[in-house]
Amino acid sequence: MLSVKDLNVSYGAIHAIHDVSLEVNDGEIVSLIGANGAGKTTILHTITGLKKAQSGSVTYNEHDLMKTDPSKIITLGMAHVPEGRHIFPSMTVEENLEMGAYIRKDDFSSTMKEVFERFPRLKERRRQLAGTLSGGEQQMLAVGRALMSKPSILLMDEPSMGLSPLLVKEIFSIIKEVHKQGITVLLVEQNAKMALSISDRAYVLETGHISMSGPAKELLSDEKVKKAYLGL
């Protein structure tokens, strides 16, 4: 479904991403784990067209994303839940969700109903300004807003960041539920243990390089991964 090959990305003189290649197959949850500053977010931004690469390729269902305007990429069935949520604080919860459906020409009321069923707290707060929500509720809103576009693949950037352990478990349960409904997931996470526990495959990114990759269960039991990312 998604293929990144030999990707190189720079910020001025800083070569941030070095020959990165990864694949996400239809129906998978694939995690990209690594320390803060390793380049995970840069890779997502390059996939979605927010950052331009110096070389390499990004293809999604045979579409060349490096030649596609970011505003068009979402119309191909890809949605991005950004790091830091980036909800619209001065708009209501319902208005934020409507923004997620802006590309749709059909009646999206049934999708709104599904989002409210998945996130009852958002339904309770549908008339409330999004900026007054708790961190966990804002993360739910960011996920719900992405689901409003009816994506085939969901790119999630640090969904557990800044949340309490209880809310982290809830967010990962939501990711699993979304996946069960047929949505492919590319998950960027610092919480390696939780990410690997729900993933099919994973890649380990270290200072812009893919250092390891393989089935998530194997990486979860790998001694190097344990020492570097699992605190063991």
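You'll find the structure just up there.
Now for a look at the structure at hand. (Residues numbered from 1 in each chain as written. Predicted model: local features only at pLDDT ≥ 70, side-chain atom pairs only at ≥ 80, totals over all residues. Heavy atoms only, no water.)

With that out of the way, let us pick up the sheet that holds strand E3 (residues 29-33). Strand order across the open sheet formed by six strands is E6-E7-E8-E3-E9-E10, with mixed pairing between neighbours. A single partner strand is all that each edge strand has here, and the edge strands are strand E6 (78-81) and strand E10 (209-215). Strand-to-strand, the axes of this sheet are offset by a mean angle of 15 degrees, without reference to chain direction. Sitting on the sheet, helix H6 (residues 135-147) touches E6 and strand E7 (153-157), and the angle it makes with E6 is about 170 degrees. (Pairing = 2+ DSSP bridges. Helix = DSSP H or I, 4+ residues; strand = E, 2+ residues; numbered from the N terminus. Axes fitted to C-alpha atoms, helices over the stretch in contact; angles between N-to-C directions. Contact = heavy atoms within 4.5 Å.)

On inspection of all chains with the given rule, the structure shows eleven salt bridges. Between Glu124 and Arg125 there is a salt bridge; the shortest N-O distance is 3.1 Å. One salt bridge connects Glu177 with Lys180, and the closest N-O pair in it is separated by 3.7 Å. Placement of both Glu177 and Lys180 in helix H7 (residues 165-180) is noted, with a separation of three residues, approximately one turn of the helix. Residue classification places Glu177 among the partly exposed residues on the basis of a relative accessible area of 40%. Owing to a relative accessible area of 64%, Lys180 belongs among the exposed residues under this scheme. (Salt bridge = Lys/Arg side-chain N within 4 Å of Asp/Glu carboxyl O. Buried < 20%, exposed > 50% of the residue type's maximum accessible area, 1.4 Å probe, protein only.)

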